[in-house]
Amino acid sequence: MIKGIALGVAGLAAALTTALPVTAQEAVKIGLILPMTGPFASTGRQVSAGAKAYMAAKGDTVAGKKIELVIRDDGGVADQTRRIAQELVVNDGAKVLAGFGLTPLAMAVAPVATQAKIPTVVMAAGTAAITKASPFITRTSGTLPQYSMPVGTWASQNGIKKVVTLVSDYGPGIDAEKWFSKEFKAKGGEVVEAVRVPLQNPDFAPFLQRVRDAKPDAVFVFLPSGVGALFMKQFSDRGLPEAGIKLIATGDVTDDDILNSMGKPAIGTITGHFYATAHESPENKAYVEVFKKVNNDMRPNFMSVGGYDGMALIYNALEKTKGDATGPAFMEAVKGLSWTSPRGPVSIDPDTRDIIQNIYIREVKDVGGELQNVEIQTFANLKDPEKAEAK
Ligand code: VNL
């Protein structure tokens, strides 16, 4: 397995030597690799829809170059992500890679990005370590430490003393558990149990029973986008609200893509995240409008904004390099870029290539018959705390 990767990367380098000059004058092709099928297909649908909305709003030419978006489905399987990335670079002359619905998929592409010096824009995955895996990786989603920590602050300031954490047992879940707990404990809170659930096909019932038995004031939850509705149903069916256990979470759980289908049990849930469809700003109003127009009236979630801003990053960087998409020039241009996103002001941290952004505490409310994540507090311009700590 490891050997296969090494050979693949060496072969890629050899193939590039001949492939590069041929494609140098052509359009800038962006290979967008996403889970368009499988359990995380909603992420692929939202990210690609956001990228398309950007191009619908801003056109398909930047710095005199035509932008061509090529969307490929990896089905959420890391070996496929890597194979498709290699094919896009070697056979199709892609100049930029983008997408990556889950952490293992982004990690699988890091060696390709490094070896081929291909700018790689992570639009969805959120484990802090991803941008450390290659100097050619940047990110327009966010990191779990960045948006879990403020939930710890909020909880400690709002009468919650005893918490059980419940997270998906992989990169982003571990990050969320660590940073919520670290902050909550530093502010005087107590984490009495840390529960981890499988990423694939989770049945929450036995885990929710453990939460119930521990009798906390609240349960802090991270689950990847798309899974929240099933969790909310089981949380409610098993009587945790009646037992007086409050639900606090990252915004992945009350994902706007499925929030409206969760019904009453979701109301009152407190989450931390970087984007809500209900965010009030002229930029977001315009975004939601163009997004719905281009995508059959679909409600944009945070994944879509990762896709939209990923395209904004690519356009802004190409503007700065006058159309040069080669790795070193492009990555230099990325550092320090700033723009106004539908989520609020954002910039790319020159030290880490991660995104600096506002994190909002939101409460699920019924707004005119539709459930919305309504912002109640803002933590402005946060960096990824994991990398700040390592410095
Ligand atoms: C990840 C993080 C995936 C947050 C998610 O949904 C999410 C990840 C698919 O890094 O794997 O909401």
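## Concerning empty space enclosed by the protein
If you roll a probe as big as a water molecule over the atoms, it shows you where there is empty space left.
Step number 1: In total, this model carries two cavities of 30 Å³ or more according to the counting rule given.
Step number 2: In this structure, the largest cavity occupies an estimated 130 Å³ of space.
Step number 3: Gly101, Ala124, Tyr170, Pro224 and Met303 are, among the 17 residues lining the largest cavity, the residues nearest its centre.
Step number 4: Split by residue class, the lining of the largest cavity holds 11 nonpolar, five polar and one charged.

## Here's the deal with the nonpolar core
Note that soluble globular proteins tend to have their nonpolar side chains buried in a common cluster.
Step number 1: Residues Leu166, Phe231, Ile248 and Met311 are the most contacted members of the largest nonpolar core, which totals 98 residues.
Step number 2: Of all the elements, helix H10 (residues 302–321) adds the most residues to this core, at 11 residues.
Step number 3: In this structure, Leu166 is in contact with Val195, Val197, Phe207, Leu208, Val211, Val219, Phe220, Val221, Phe222, Leu223 and Phe231, ignoring residues within four places of it in sequence.
Step number 4: One finds Val70, Ala85, Ala94 and Ala125 within the second-largest nonpolar core, a separate group that totals 19 residues.

## Topic: the sheet that holds strand E1 (residues 28–34)
Step number 1: What the six strands build is an open sheet, ordered E2-E3-E1-E4-E5-E6; its pairing is mixed. Only two strands of the sheet have a single neighbouring strand rather than two, namely strand E2 (61–62) and strand E6 (137–139).
Step number 2: By the bridge criterion, three bridges tie strand E5 (residues 120–122) to E6 in an arrangement that is parallel. When the bridges of E6 are listed, Thr120 appears paired with Ile137.
Step number 3: Helix-sheet contacts for helix H3 (residues 78–90) involve E1, strand E3 (65–73) and strand E4 (96–99), and the interaxial angle to E1 is about 170°.

## Structural notes on helix H8 (residues 228–237)
Step number 1: Buried within H8 are the following residues: Gly228, Phe231, Met232, Gln234 and Phe235.
Step number 2: Packing partners of the buried residues in H8 comprise strand E7 (162–168), helix H7 (205–214), strand E9 (218–222) and strand E10 (246–250).
Step number 3: Note on H8: the residue one or two positions beyond its end, Gly239, has a positive phi of about 75°.

## Focus on helix H6 (residues 171–186)
Step number 1: An ideal rise of 1.5 Å per residue puts 22 Å on 16 residues; H6 measures up with 23 Å between its terminal C-alpha atoms.
Step number 2: By the burial criterion, the buried members of H6 are Pro172, Gly173, Asp175, Ala176, Glu177, Trp179, Phe180, Ser181, Glu183 and Phe184.

## As for the pairing of E4
Step number 1: What you see with E4 is no split at all: Val96 and Ala98 on one side and Leu97 and Gly99 on the other are buried throughout.
Step number 2: Relative to E4, E1 runs parallel, the two being bridged by four bridges. Of the residues in E4, the one forming a bridge with Ile30 is Val96.
Step number 3: Here E4 pairs with E5 via three bridges, running parallel. Bridging across to E5, Gly99 finds its partner in Val122.
Step number 4: Taken together, E4, helix H4 (residues 103–116) and E5 form a β-α-β motif whose crossover is right-handed.

## Quick look at the pattern of salt bridges
Step number 1: Scanning all chains against the criterion turns up 20 salt bridges.
Step number 2: Put simply, Glu193 and Arg210 hold a salt bridge, and the shortest N to O gap is 3.0 Å. Pair noted here: Glu193 is in strand E8 (residues 190–197) and Arg210 is in helix H7, with a separation of 17 residues, a long-range link.
Step number 3: Classification of Glu193 by relative accessible area gives partly exposed; the value is 25%.

## Looking at the environment of Lys29
Step number 1: If you trace the backbone, Lys29 turns up in strand E1.
Step number 2: Excluding residues that lie within four positions of it along the chain, Lys29 makes contacts with Glu68, Val70, Asp92, Gly93, Ala94, Lys95 and Val96.

## Structural notes on the site of the ligand
Step number 1: For the ligand, the set of nearby residues contains 17 residues, the closest of which are Thr103, Gly126, Tyr170, Ser225 and Asp252.
Step number 2: Within the contact set of the ligand, an oxygen atom lies 2.5 Å away from a side-chain nitrogen or oxygen of Asp252.
Step number 3: Burial of the ligand by the protein amounts to 100% of the accessible area it has alone, namely 320 Å².
Step number 4: Given that more than half its atoms are within 2 Å of the pocket grid, the ligand belongs to the largest cavity.
Step number 5: Considered class by class, the residues forming the shell around the ligand number 10 nonpolar, six polar and one charged.

## Some points on the confidence of the model for the protein
Step number 1: Overall, the prediction assigns the protein a mean pLDDT of 94, with 93% of residues at 70 or greater.
Step number 2: Across residues 1–7 the pLDDT falls below 50, and counting only partners more than four positions away or on other chains, this stretch makes three contacts in the model.
Step number 3: Counting interchain partners and residues more than four positions distant, the pLDDT-below-50 stretch residues 17–25 has five contacts.

Cut-offs applied
- Residues numbered from 1 in each chain as written.
- Predicted model: local features only at pLDDT ≥ 70, side-chain atom pairs only at ≥ 80, totals over all residues.
- Heavy atoms only, no water.
- 1 Å grid on protein atoms, 1.4 Å probe; cavity = no way out; pocket = protein on both sides within 12 Å on 5 of 7 lines; lining within 4 Å.
- Points joined across faces, edges and corners; volume = space filled by probe spheres on them.
- Nonpolar A, V, L, I, M, F, W, Y, C, P; charged D, E, K, R; others polar.
- Core = buried A, V, L, I, M, F, W, Y, C linked by side-chain atoms within 4.5 Å.
- Buried < 20%, exposed > 50% of the residue type's maximum accessible area, 1.4 Å probe, protein only.
- Helix = DSSP H or I, 4+ residues; strand = E, 2+ residues; numbered from the N terminus.
- Contact = heavy atoms within 4.5 Å.
- Pairing = 2+ DSSP bridges.
- Axes fitted to C-alpha atoms, helices over the stretch in contact; angles between N-to-C directions.
- Expected span 1.5 Å × (residues − 1).
- Right-handed = clockwise from strand over helix to strand, strands pointing away.
- Salt bridge = Lys/Arg side-chain N within 4 Å of Asp/Glu carboxyl O.
- Near = heavy atom within 4 Å.
- Polar contact = N/O pair within 3.5 Å; in protein donor to acceptor, adjacent residues only side chain to side chain.
- Areas by Shrake-Rupley, 256 points an atom, 1.4 Å probe, with all protein chains shown as cover.
- Sits in = over half its atoms within 2 Å of the grid points.
- pLDDT = per-residue confidence, 0-100.

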